[in-house]
Amino acid sequence: MGQRLGQHFLRDRAVLRRIVAAGDLSRDDLVLEIGPGHGVLTSELAEQAGRVLAVERDELLAALLPKADNVDLLVGDAIQLPLEAELASRLAGSEFKAVKIVANIPYEISSPLMFALFDWQLPLERIVLLMQKEVAERIVVVPGSRARSLLSVFCQLFADCHIAFMVSPRAFSPPPKVESAVIVLKPKLVNHPDRQLLAEPAFRRLVKIGFSQKRKQLKNTLTAGEQLASGEAAAWLERAALPPTARAEELSLADWRRLLETRPSA
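Residues numbered from 1 in each chain as written. Predicted model: local features only at pLDDT ≥ 70, side-chain atom pairs only at ≥ 80, totals over all residues. Heavy atoms only, no water.

### Quick word on helix 1 (residues 13-23)
It helps to recall that an α-helix has 3.6 residues per turn; residues three or four apart then point in one direction. Of the positions making up helix 1, those classed as buried are Val 15, Leu 16, Ile 19, Val 20, Ala 22 and Gly 23. In a view along the axis of helix 1, the buried residues occupy a sector of 155 degrees, so they form one face of it. In this structure, helix 1 carries Arg 17 and Ala 21 as exposed residues pointing more than 90 degrees from its buried face. In the core, the buried residues of helix 1 are packed alongside strand 1 (9-10), helix 2 (40-48), strand 5 (98-104), strand 6 (124-132), strand 7 (159-167) and strand 9 (180-187). Here helix 1 starts with a cap whose side-chain oxygen sits 2.9 Å from the backbone nitrogen of Ala 14, and that cap is Asp 12. Once helix 1 finishes, Asp 24 follows within two positions and takes phi at roughly 50 degrees, a positive value. (Buried < 20%, exposed > 50% of the residue type's maximum accessible area, 1.4 Å probe, protein only. Helix = DSSP H or I, 4+ residues; strand = E, 2+ residues; numbered from the N terminus. Arc of directions from axis to C-beta. Contact = heavy atoms within 4.5 Å. Polar contact = N/O pair within 3.5 Å; in protein donor to acceptor, adjacent residues only side chain to side chain.)

Written out as structure tokens, the structure reads:
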């Protein structure tokens, strides 16, 4: 069933315990789990959290998920379902103090899920995801690395991120062909300057333009993306205190902020 949808089920109990520990759960927590599969992680979460909302897209697996009084099940695609509204309705008038996400997510939705979370206004306290190692490394990579990407910039504005530990393919059934990692994100407050910057459409557009041809110098991508006159992009970089040869992968979060503040239309 899971193999039909490309899912790899975690079977190593030691890894499961480490994932749950990374969630730092209590009975005050409302937890979202995406892709519960056979429910082994769900059972561990239900023992420590106040309530678990499990989202499974495979109807056959959903029917077999172990039942628990504090587990709610939603059947459907996590990217398509209104999960923020579902969680908000459970928070309203409840005793829960925080929302946490702890999941072994289907690897193909790792990036779409992160981009969806950037717009959530819920009080997200912690996100613990088991994902493909390559994606996790792209999220935490520092400026200057060729692996730096749109995802890196947005994630690091959204949250403090670190890789907790690596997971061998042998921990899964069937074993995936790639290495895996558990990443922990501690979202910044919604009113944090970084989150407010991330919410600006002009900023998102700027970063997307910058990484549209990431091997090219920014003066070239900005000239094309912003339809600037010759020399205007170079002047823009100078106002932002960036070298004329700068590339998107080299910029820090502070660099991106200055680039937005000094843009020609500002």
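### Points about empty space enclosed by the protein
Considering all chains together, one arrives at two cavities of 30 Å³ or more under this definition. When its volume is computed, the largest cavity comes out at roughly 90 Å³. Ile 34, Arg 57, Ala 78, Pro 106 and Ile 109 are, among the 11 residues lining the largest cavity, the residues nearest its centre. (1 Å grid on protein atoms, 1.4 Å probe; cavity = no way out; pocket = protein on both sides within 12 Å on 5 of 7 lines; lining within 4 Å. Points joined across faces, edges and corners; volume = space filled by probe spheres on them.)

### Side note on the packing of helix 5 (residues 110-117) against helix 7 (residues 150-158)
Interhelical geometry of helix 5 versus helix 7 gives an angle of 40 degrees and a closest axis separation of 10 Å. Viewed along their axes, helix 5 and helix 7 adopt a mutual orientation that is oblique. The crossing of helix 5 and helix 7 is left-handed. Seen from helix 5, the contacting residues are Ser 111, Met 114, Phe 115 and Leu 117; seen from helix 7, they are Leu 150, Leu 151, Phe 154, Cys 155 and Phe 158. Classifying every residue of the contact of helix 5 with helix 7 by side-chain character gives eight nonpolar, one polar and no charged. (Axes fitted to C-alpha atoms, helices over the stretch in contact; angles between N-to-C directions. Parallel < 35°, antiparallel > 145°, perpendicular 65-115°, else oblique. Left-handed = near helix turned anticlockwise from the far one by under 90°. Nonpolar A, V, L, I, M, F, W, Y, C, P; charged D, E, K, R; others polar.)

### Describing the sheet that holds strand 7
With mixed pairing, the seven strands of this open sheet are ordered in space as 4-3-2-5-6-9-7. Single-partner strands in this sheet number two, and they are strand 4 (71-75) and strand 7. Each neighbouring strand pair of the sheet contributes to a mean axis angle of 20 degrees, computed without reference to strand direction. Inspection of the sheet shows strand 2 (residues 29-34) paired to strand 3 (residues 51-56) by five bridges, in the parallel sense. (Pairing = 2+ DSSP bridges.)

### Considering the nonpolar core
Of all hydrophobic cores here, the largest spans 62 residues; its most connected members are Leu 129, Trp 256 and Leu 259. For this core, the leading source of residues is helix 7, giving seven residues. Core analysis: the next-biggest nonpolar cluster, separate from the first, contains 26 residues, Leu 45, Ala 46, Phe 172 and Val 182 among them. (Core = buried A, V, L, I, M, F, W, Y, C linked by side-chain atoms within 4.5 Å.)

### Let's talk about helix 10 (residues 218-225)
Inspection of helix 10 places Leu 218, Thr 221 and Leu 222 among the buried residues, and these make up the whole buried set. Buried residues of helix 10, viewed axially, fall in a sector of 95 degrees; they line one side. Elements in contact with the buried residues of helix 10: helix 9 (201-210), helix 11 (232-239) and helix 12 (253-261).

### Quick word on the packing of aromatic side chains
Scanning the model with the defined rule gives six aromatic pairs in all. Between Phe 118 and Phe 154 the ring centres are 5.9 Å apart and the planes differ by 80 degrees, which places this aromatic pair in the edge-to-face class. With Phe 118 in the loop between helix 5 and strand 6 and Phe 154 in helix 7, the pair connects residues that are 36 residues apart, well separated along the chain. Phe 154 shares its class with Phe 118; the two are buried. Ring centres 5.4 Å apart and planes at 65 degrees place the aromatic pair Phe 118 and Phe 158 in the edge-to-face group. Separated by 40 residues along the polypeptide, Phe 118 in the loop between helix 5 and strand 6 and Phe 158 in helix 7 bring together distant segments of the chain. Overall, Phe 158 belongs to the buried group, its relative accessible area being 0%. Every member of this aromatic cluster is reached through a ring pair, and the members are Phe 115, Phe 118, Phe 154, Phe 158 and Phe 203. One cation-aromatic arrangement involves Arg 18 over Phe 165; the distance from NZ or CZ to the ring centre is 3.9 Å. Its end group placed over the ring of Phe 154, Arg 204 keeps NZ or CZ at 5.9 Å from the ring centre. (Phe/Tyr/Trp six-rings, centres within 6.5 Å; stacked < 30°, edge-to-face > 60°. Lys NZ or Arg CZ within 6 Å of the ring centre and 35° of its normal.)

### Details of the confidence of the model for the protein
Mean pLDDT for the protein: 93, with 97% of residues reaching 70 or above. Confidence drops under pLDDT 50 across residues 1-5; counting only partners more than four residues distant or on other chains, this segment forms 15 contacts. (pLDDT = per-residue confidence, 0-100.)

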